[in-house]
Amino acid sequence: MDTRRLIARDDLLATLDRASARKVTVISAPAGSGKTSLLHAWAGRPGQPRRLAVLQVQRDQDDAQQFWLALLSAVRHASARTGHAEPLAATPDFNAPAMVDRMQSELADACGGFTLVIDDLHELNSPEALAQLTGLLTNLPPNAHAVVATRRDLPLRLHQLRLAGELAEIRAADLRFSGHETRELLDISGIRLSEAGAALLHQRTEGWAAGLRLAVISLADHPDPEQFIAEFSGSERTVAEYLVAEMLERQPGEVQQLLLRTSLLDRVNGELADLLTGHVGSERILLSLEDASAFVVSLDPERTWFRYHHLFADLLRLELRRVLPEEVPALHRRAAGWFVQHGQAADAIQHTQAAGDWPDAARLLADHSFGLTMDGQGQTVGALLQAFPPGADYPELALVRAARSLARGRLDEAAAHLAVAEAYAETTPPDRRRRLEVAIASLMLRLAARRGHLAGVTEQARFLASPVTGQSDEDIALGNDLRAVALMNLGTVEASVGLPDAERHLEEGTLLAREIGRPYLEVRCLAQLGFAWRIRSFATARRRCQEAIALAERHGWAAEWFIAPALITLAGTMAWTGEFDKAERWRQRTVQALQADTGTDVRLLVHIVSGMLQAVRGRRHEALQEFSTAEYLGSKLADSHALASQVTGWMVATQARLGRSGEARALLAALDDERASSGEIRNADAVICLAEGDPAGALGAVRDVLGGTAPVIGYVTLVETHLLAGFAHRQLGNLRAANQAAERALALAESDRLVLPFAMTGSRELLEALPRHETAHAALLADILDVLHSSSPPTGEQPAPPDAAELSASELRVLRYLPTNLSRREIAGELCVSRNTVGSHISSIYAKLQVRDRSSAVQRARELRLLGGGPHPLARRSPHRGDAVSPADP
Amino acid sequence: MDPASARYTIRIKGHLGATVLSAFPALVSRQHGAHTVLTGLLDRSALYGVLAEIEALGLDLLELRQLAPQRTPGSGDSGM
């Protein structure tokens, strides 16, 4: 298929082969030096023993996430592992270190030698991405080798590799064609030229690959090649300009027109070229151009999309602007129209900007910024925003700016932009106003959620749940994006204040997101759904959480902050059903995923679950601390949250169980009447009475709860109430009543197989006293007693740590840095060893712990209690005890 | 950082034709032997823009000089 005449440059190929014995090869040479052709020849050579992933960096790539996703997808494609995972999807929240970790493990998993080829790396404009890439290149797994090609030396900090002899470099001088190679190229292209002519050509082009290839195109059907060479070498014009002009001149008019008019596109297909030239048949021309030269390259195996060699395209663009300046804006406008129609918003906006249609570009950007952000192109949105002329005022952009401020946590700035957007929306025609209002309300909800100011927000935003009406397909698509985001934001806020509509709105959001192919939104809605269901049904909550987590894992988002609500809710449901160890693992995964952007209500739930898990293990001091933190976080929310009385109740009860009834009473006395009459607080009151040896008082405290008049969060409160009543009866010597109370608790707990209330209240004796023939819930009873036996307060110490002798002392030292945010380089700095050393320790830690990435290594290490030994290097962030991690402070 | 513009001369190998010259609208060109000399008043970002164009077009940059008669010799470029 590829009939471009590339000569086999054996010496260079051998140089590349030799270089691949080292870790990294950098090819640094100016435009047109033949870097890409060399890589093609090397990669496509028969018998290439290593697997190859090839990425050509997109022109002017500003977006770190797009770069990494493209690289990861190239790696997956090459390792033929596409079957096992969902297509890679971007998220609005790019987690760069996780991505680098993922790349490393993908490379390490690809069995056998693996070569990563990154061409045109100079097009990557993101300094963060370059820094992350440096990290990857210096820590490549042993089986991997990387080749990067660039026009100029980049700030890749590879001196360590150079010092270690692991860096090979190929530069312009190495790439120049020799006289012999020039001759070979002419021969293979069927050009008859005298020795003198060939020598002259070599001399004139100085062996510059692009010059030779351009010359070959013109020479191929030239009636007098010697004459051509004589004129060329007699001219003082620069090589590229001379030869491109010659080449264009020799093309038929339709080809010239096509090349000039489509030069302003980064990539072109037949349809788009037809549109810009006003003629049909462009695809055929593009195909034959690709066959005839190395300057037109197809981008896909089907050969529908093409791009021009950058240097060639740049010269064509200049020529277009010079000879047809008045057509340029119109061409951009036509291209923009095509990209809009084909849903390629970023290209459409770019061309609209290039046409100088700034107000249109602003409108397009406002319309598509939600979708682009959801597609993980937030940085592209930023670059497009920057491209508007400074000082000019386009009110449409206020909405885009508000969303960006919000994403960066600049809440006041976001509010100011939203105010501008609101004022502007009122001046727009009704159909457009509706869409703007939905976008504004959706952002207002996010802002309110971030600030914890939830009162009244949902009423104002209720209209979000109805569809945005539009006429065209494009309107409907935009409306769907917007509506899915709006439903998610609305449902999220409703879930955090415990409104029942949350479930309906989030269900709808989940379905819509699935329908329109937005897995990110689907995961977020599902995660919130689990969270919303946590109060009403454990089974549903658990199922929703598991769905959310499974979907997130398929997309590689298992450790992202937005999955945290599902992780912690799952931990919570497991705690309720007595699966304490599993609950602890999910809680730890939540802690890993938590970020500033995770809502306060999720952090709060993390502390509640921690408190529950401490309490059931008899660690009352620790439990009290967790409940108190939860209480504090709850008090910072403007509205009381759904579990407020539960948290307060457990905090007070834990005080009492610690023998601090005075303090517990004081806390109760400070509550308002409404709160004090809730079932959860009545239970706490009963716990105090029992601790004070006043069982009759305890029965009095819970009378309204048992009578059904006290408001409760859910039936789980009642399970606890019956158990407390059972204790009181027992203390009063009324064993029959105690048994009846225990039986009622069991009956209530049966459907969800709850264990937690029995563990929290320490009901082992109460249950053991219950004669087996008196209970209809023998199986559940046996299960509960099993759990209580294995988890009941260890009298002495925690279980002894398993043998950690497998890990060497230096591996343990590195291991203890893994829970921190420090990069491998920074860990190396802390330990005064090289990054390679840290890298190899980490690889062997992963192997010994049988894990694949950093977060699961940390999790496993925590389970094995390997993190607690000795003073920790970062004591403030880390546990003093082996198994407890204090989540980041609020 | 010097915010003011300065006059630069940029020497490039070969003769630039109309197409390539259109990439440097702010500069005046003249041919000097087998070279082209571009001259113009540029501030720093314009200068780097010109250098990026030279790179993108695969031109051979021979010399870059700031003409700064009011400065003491040796102060070189405008970098501070």
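Residues numbered from 1 in each chain as written. Chains lettered and ligands numbered in written order. Predicted model: local features only at pLDDT ≥ 70, side-chain atom pairs only at ≥ 80, totals over all residues.

Enquirer: Would you take a moment to explain the overall build of chain A for this structure?
Expert: On a plain count of helices and strands, chain A comes out with 47 helices and 8 strands. Buried residues in chain A amount to 48% of all 890 residues. Expressed as a percentage of contacts within chain A between residues at least 6 apart in sequence, the contacts between residues at least 24 apart total 67%. (Helix = DSSP H or I, 4+ residues; strand = E, 2+ residues; numbered from the N terminus. Buried ≥ 20, exposed ≤ 12 C-beta atoms within 10 Å, placed from the backbone. Contact = placed C-beta atoms within 7 Å.)

Enquirer: Looking at this model, I keep getting lost on the overall build of chain B. Mind explaining?
Expert: Broken down by element type, chain B carries 2 helices and 4 strands. The order of α-helices and β-strands along chain B, N terminus first, is β-α-β-β-α-β. Looking at chain B as a whole, 24% of its 80 residues are labelled buried. For chain B, the proportion of contacts with a sequence separation of at least 24, taken over those separated by at least 6, is 64%.

Enquirer: Which parts of the structure should I look at to understand the sheet that holds strand β1 (residues 6–13) of chain B?
Expert: Residue and element names in this part refer to chain B. Overall, antiparallel pairing links the 4 strands, which are arranged β2-β3-β1-β4 in an open sheet. Each edge of the sheet is formed by a strand with only one pairing partner; in this case those strands are β2 (28–32) and β4 (61–67). Geometrically, the sheet is characterised by an average inter-axis angle of 20° between neighbouring strands, direction not taken into account. Here β1 pairs with strand β3 (residues 35–42) via 8 bridges, running antiparallel. Bridge pairing in β3 links I12 to T36. (Pairing = 2+ DSSP bridges. Axes fitted to C-alpha atoms, helices over the stretch in contact; angles between N-to-C directions.)

Enquirer: Explain the packing of helix α27 (residues 519–533) of chain A against helix α28 (residues 538–554) of chain A to me, please; I cannot follow it from the model alone.
Expert: In a packed pair of helices, the relevant descriptors are the angle between the two axes and the axis-to-axis distance. Residue and element names in this part refer to chain A. Between α27 and α28, the shortest axis-to-axis distance is 8 Å and the interhelical angle comes to 155°. Put simply, α27 runs roughly antiparallel to α28. Classified by chirality, the crossing of α28 by α27 is left-handed. In this structure, α27 contributes P519, E522, V523, L526, A527, L529, G530 and W533 to the contact, and α28 contributes T540, A541, R544, C545, E547, A548, L551 and A552. (Parallel < 35°, antiparallel > 145°, perpendicular 65-115°, else oblique. Left-handed = near helix turned anticlockwise from the far one by under 90°.)

Enquirer: Hey, could you run me through the pairing of β3(B) in this one?
Expert: In regular strands, side chains alternate between the two faces of the sheet. Residue and element names in this part refer to chain B. Bridge count for β2 against β3 is 5 bridges, and the pairing is antiparallel. Within β3, the residue paired with H32 across the bridge is H35. Here β2 folds back onto β3, and the loop between the two strands holds 2 residues, one of which, G33, carries a positive phi near 60°.

Enquirer: Sorry if this is basic, but what is going on with the sheet that holds strand β3 (residues 114–119) of chain A here?
Expert: Residue and element names in this part refer to chain A. Strand order in the open sheet made by the 5 strands is β2-β3-β4-β1-β5, with parallel pairing throughout. Strand pairing shows two members of the sheet lacking a second neighbour, β2 (51–56) and β5 (167–171), which therefore form its edges. On average, adjacent strands in this sheet sit at an angle of 15° to one another, irrespective of strand direction. Bridging between strand β1 (residues 24–28) and β5 involves 5 bridges; their strand directions are parallel. The residue bridging I27 from the neighbouring strand is I170, located in β5.

Enquirer: What should I look at first to understand the interface of chain B and chain A in this one?
Expert: Many analyses report the size of an interface as the accessible area lost when the parts associate. Contacts between the two partners involve 15 residues from chain B and, on the opposite side, 19 residues from chain A. Of all the secondary-structure elements, those providing two or more residues to the side of chain B that touches chain A are α1 (18–21) and α2 (44–56) of chain B. Considering only residue class, the side of chain B that touches chain A consists of 8 nonpolar, 6 polar and 1 charged. (Nonpolar A, V, L, I, M, F, W, Y, C, P; charged D, E, K, R; others polar.)

Enquirer: Could you clarify how one ought to interpret the domain arrangement of chain A in this entry?
Expert: All names here are of chain A. Taken as a whole, chain A is organised into domain 1 (10–175), domain 2 (179–250) and domain 3 (809–877). For domain 1 versus domain 2, the distance between C-alpha centres works out to 33 Å. Split into classes, the residues belonging to the side of domain 1 that touches domain 2 amount to 1 nonpolar, 4 polar and no charged. (Domains from an automatic or database assignment.)

Enquirer: Help me out: how do you make sense of the packing of helix α13 (residues 253–262) of chain A against helix α16 (residues 310–323) of chain A in this one?
Expert: Residues and elements named next belong to chain A. Two numbers describe how α13 lies on α16: the axes approach to 8 Å, and their chain directions differ by 95°. It follows that α13 is roughly perpendicular to α16 by the angle criterion. Within the contact between the two elements, α13 uses L259, L260 and R261 and α16 uses L316, E319 and L320.

Enquirer: Just checking my understanding: could you explain the confidence of the model for chain B for this structure?
Expert: The predicted coordinates ought not to be read in detail in places where the model reports low pLDDT. Looking at chain B, the pLDDT average stands at 84 and 80% of residues meet or exceed 70. Predicted confidence for residues 72–80 of chain B stays below pLDDT 50, and this span has 8 contacts to residues more than four positions away or in other chains. (pLDDT = per-residue confidence, 0-100.)

Enquirer: How should I be thinking about unusual backbone geometry in this particular structure?
Expert: What you tend to see is this: most non-glycine residues have negative phi, and most peptide bonds are trans. Residue and element names in this part refer to chain A. Of note, E206 is a non-glycine position whose phi angle comes to about 55°, a positive value. Mapping E206 onto the fold places it in the loop between α9 (195–205) and α10 (209–220). Although it is not a glycine, R753 sits at a positive phi angle of roughly 50°.

Enquirer: Hey, could you run me through the environment of L200(A) in this one?
Expert: All names here are of chain A. By secondary structure assignment, the location of L200 is in helix α9. Looking at L200, the number of C-beta atoms within 10 Å reads 18, which means it is partly exposed. The spacing of L200 and R432 is 232 residues in sequence and 66 Å in space, taken between C-alpha atoms. In this view, L200 contacts I229 and S233; residues no more than four positions away in its chain are not counted.

Enquirer: Hey, could you run me through helix α36 (residues 679–691) of chain A in this one?
Expert: Residues spaced three or four apart along an α-helix face the same direction, because each turn holds 3.6 residues. Residue and element names in this part refer to chain A. For α36, which comprises 13 residues, the first-to-last C-alpha distance of 18 Å matches the rise-based estimate of 18 Å (1.5 Å per residue) to within 8%. Judged by how many residues are buried, α36 sits mostly within the fold: 12 of 13 residues are covered. Restricting attention to buried positions, one finds in α36 the residues G679, E680, I681, R682, N683, A684, D685, A686, V687, I688, C689 and L690. In this structure, the buried residues of α36 make contact with α33 (644–657), α34 (661–669), α35 (673–676), α37 (695–701), α38 (703–707) and α39 (715–731). The first or second residue beyond α36 is G693, which carries a positive phi of 75°. (Expected span 1.5 Å × (residues − 1).)

Enquirer: Quick question: what am I supposed to make of the pairing of β1(B) here?
Expert: Pairing between β1(B) and β4(B): 6 bridges, direction antiparallel. If you follow R11(B) over to β4(B), its bridge partner there is E63(B).

Enquirer: Help me understand the environment of E515(A) in this model?
Expert: Residues and elements named next belong to chain A. As for its position among the elements, E515 is in helix α26 (residues 501–515). The exposed category is assigned to E515, around which 11 C-beta atoms lie within 10 Å. As for E515 and A698, which are separated by 183 residues in sequence, their C-alpha atoms are 54 Å apart.

Enquirer: For this particular structure, what's the right way to read the confidence of the model for chain A?
Expert: Residue and element names in this part refer to chain A. Of the residues in chain A, 90% have a pLDDT of 70 or more, and the chain-wide mean is 84. Confidence over residues 793–805 falls short of pLDDT 50; this stretch has 10 contacts with residues more than four positions distant or in other chains. pLDDT under 50 marks residues 869–890. Its contacts with residues more than four places away, or in other chains, come to 32 contacts.

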